[in-house]
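Residue-level structural notes
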Amino acid sequence: MTIQQRYQFIIDYFQEHAPNAETELIYDNPYQLLVAVILSAQCTDKRVNMTTPAIFARYPDPEALAKAEVDDVFQLIRSISYPNNKAKHLVGMAKMLVGQFHGQVPLTVDELVTLPGVGRKTANVITSVVDNQPNMAVDTHVFRVAARIGLTRNARTPLAAEKQLVSHFPEALIHKAHHWLILHGRYVCLARSPKCEECGVQPACLYFQKQLRAAKT
DNA sequence: ATCCCGAGGG
DNA sequence: CCCTCTGGAT
């Protein structure tokens, strides 16, 4: 199977099995999504969604969050991973939105990554979800799953993987493919012990083919 | 014990 | 490149 055929298999498979893959984060506007994505690092979306309503109620916009005491924000998010860092990042991020971006969330990756707490992965999520830009956020799931299947070759960094994925997936499907690979990584292609025996991607997966050959000898 | 849709700093 | 941050669910 060529790499193009592998991509096509993945597209066909997930179009059929997960046609509506989307983020589970709850938000109403770019500012809320930005807050939610910053909080989501090393944390389940469900837990993020449990804390964001209180944050959005108390700090409805960047102006309000910019004036917040870091410790007050900390109290609101203390049940989430890394509450100290994230509280600091959220307030710093809001201050920069007000000071540098007229209180609006910028919608370019280059501008977004200048915000505290916002790295390339977060910037790609925001621009693709909010503005439908053909950007691929590569987190640990996407990185691992893409490498195993063979959608990326010799990609040693998330950025290298991102470029390969973006160049192979049709532009209109990049956003969806991100969620496909995350879902697959979360429920089937687990980090430690992938559930290959129940995986529908087997025919297109280099990792599975390799296991198969190893078992025969 | 191990895992969750990372980012910043050394 | 490595380390740290750090809480809750399973």
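To keep things clear, this report deals only with the structure shown in the data block. (Residues numbered from 1 in each chain as written. Chains lettered and ligands numbered in written order. Predicted model: local features only at pLDDT ≥ 70, side-chain atom pairs only at ≥ 80, totals over all residues. Heavy atoms only, no water.)

**Focus: the packing of aromatic side chains**
Under the definition given, this model contains 4 aromatic pairs. Seen in terms of ring centroids, Tyr7 and Phe169 are 4.8 Å apart; in terms of plane orientation they differ by 75°. Their pairing is edge-to-face. Of this pair, Tyr7 sits in helix α1 (residues 3-17) while Phe169 sits in the loop between α10 (158-168) and α11 (174-187), and the two are 162 residues apart along the sequence. Using a relative accessible area of 3% as the deciding quantity, one classes Phe169 as buried. For the pair Phe9 and Tyr13, a centre-to-centre distance of 6.4 Å together with 5° between the ring planes defines the contact as stacked. Here Tyr13 and Phe9 lie together in helix α1, a separation of 4 residues that amounts to about one turn. Accessibility expressed as a relative area gives 24% for Phe9, which makes it partly exposed. Three or more aromatic residues link up through ring pairs in this structure, and these residues are Phe9, Tyr13, Phe14 and Trp180. (Phe/Tyr/Trp six-rings, centres within 6.5 Å; stacked < 30°, edge-to-face > 60°. Helix = DSSP H or I, 4+ residues; strand = E, 2+ residues; numbered from the N terminus. Buried < 20%, exposed > 50% of the residue type's maximum accessible area, 1.4 Å probe, protein only.)

**Remarks on the protein's contact with DNA strand B**
Lining the immediate environment of DNA strand B, one finds 22 residues, of which Gln42, Gly117, Thr122, Arg186 and Arg192 sit closest. Per the 4 Å cut-off to the protein, sugar and phosphate atoms form 67% of the nearby atoms of DNA strand B. Thr140 has a polar side-chain atom sitting 3.4 Å from a phosphate oxygen of DNA strand B. Residue Arg192 places a side-chain N or O atom 2.5 Å away from a phosphate oxygen belonging to DNA strand B. Looking at the surface near DNA strand B, the elements with two or more residues in it are α8 (120-131), α9 (140-149) and α11. Considering each element in turn, the surface near DNA strand B owes the most residues, 3 residues, to α11. Here the surface near DNA strand B is built from residues that sort into 7 nonpolar, 9 polar and 6 charged. (Near = heavy atom within 4 Å. Polar contact = N/O pair within 3.5 Å; in protein donor to acceptor, adjacent residues only side chain to side chain. Nonpolar A, V, L, I, M, F, W, Y, C, P; charged D, E, K, R; others polar.)

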